Amino acid sequence: MLEVGWYSTKLLLKGKLLRNPFYFMKQVALASSVGALVLIAMAQIETTLLLPIIISSLATGIAMPFLLKDIKLQ
């Protein structure tokens, strides 16, 4: 399993894994910004920081498959 991950990482860094790497980076940045906005909004509530972190991580994790479903590999 680690070998597959290492091979994929090497291909990604060489630029030979994704057909459109800018689209991938745009989608990842979009999901990360949504997660950060949820975290900042939830952190304004007077609770412990544990709850906003869990909810923002869950929101980002749910958004990723929908945003990255059109990714094409070479």
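What counts, and where the lines are drawn
- Residues numbered from 1 in each chain as written.
- Predicted model: local features only at pLDDT ≥ 70, side-chain atom pairs only at ≥ 80, totals over all residues.
- Heavy atoms only, no water.
- Helix = DSSP H or I, 4+ residues; strand = E, 2+ residues; numbered from the N terminus.
- Rg over C-alpha atoms; globule rule 2.2 N^0.38 Å.
- Contact = heavy atoms within 4.5 Å.
- Areas by Shrake-Rupley, 256 points an atom, 1.4 Å probe, with all protein chains shown as cover.
- Expected span 1.5 Å × (residues − 1).
- Buried < 20%, exposed > 50% of the residue type's maximum accessible area, 1.4 Å probe, protein only.
- Axes fitted to C-alpha atoms, helices over the stretch in contact; angles between N-to-C directions.
- Parallel < 35°, antiparallel > 145°, perpendicular 65-115°, else oblique.
- Left-handed = near helix turned anticlockwise from the far one by under 90°.
- Nonpolar A, V, L, I, M, F, W, Y, C, P; charged D, E, K, R; others polar.
- pLDDT = per-residue confidence, 0-100.

Observations concerning the overall build of the protein
Item 1. Regarding its fold elements, the protein presents three helices and zero strands.
Item 2. Going from N to C terminus, the protein has its helices and strands arranged as α-α-α.
Item 3. Relative to the globule expectation of 11 Å for 74 residues, the C-alpha radius of gyration of the protein, 16 Å, shows a markedly less compact shape.
Item 4. With respect to the principal axes defined by its C-alpha atoms, the protein has extents near 45 × 25 × 15 Å.
Item 5. For the protein, the share of sequence-separated contacts (at least 6 apart) that also reach a separation of at least 24 residues comes to 65%.
Item 6. Total accessible area on the protein stands at roughly 6000 Å², and carbon and sulfur atoms take up 72% of it.

Here's the deal with helix H2 (residues 21–43)
Item 1. An ideal rise of 1.5 Å per residue puts 33 Å on 23 residues; H2 measures up with 32 Å between its terminal C-alpha atoms.
Item 2. Looking only at H2, the buried set comprises Gln-27, Ala-31, Gly-35 and Met-42.
Item 3. Buried residues along H2 sit in contact with helix H3 (50–67).

A word on the side chain of Ser-56
Item 1. Among the structural elements, Ser-56 can be located in helix H3.
Item 2. If sequence neighbours within four positions are ignored, Ser-56 has contacts with Gly-35, Val-38 and Leu-39.

Description of the packing of H2 against H3
Item 1. For the pair H2 and H3, the least separation of the axes is 8 Å and the interaxial angle reads 155°. As summarised for this structure, H2 and H3 are arranged roughly antiparallel, according to the angle between their axes. Both H2 and H3 take part in a crossing whose hand is right-handed. Contacts from Tyr-23, Gln-27, Val-28, Leu-30, Ala-31, Gly-35, Val-38, Leu-39, Met-42 and Ala-43 of H2 reach H3 at Pro-52, Ile-53, Ile-55, Ser-56, Thr-60, Met-64 and Leu-67.
Item 2. Considered class by class, the residues forming the contact of H2 with H3 number 13 nonpolar, four polar and no charged.

Some words on the confidence of the model for the protein
Item 1. The share of residues in the protein with pLDDT of 70 or more is 100%, and the mean pLDDT across the chain is 89.
Item 2. The secondary-structure element of the protein with the lowest mean pLDDT is helix H1 (residues 2–14), recorded at 89, while H3 shows the highest, at 92.

What to know about the side chain of Gln-27
Item 1. In this structure, Gln-27 sits in helix H2.
Item 2. Residue Gln-27 is classed as buried on the basis of its relative accessible area of 8%.
Item 3. Here Gln-27 is in contact with Leu-67 and Leu-68, once residues within four sequence places are set aside.

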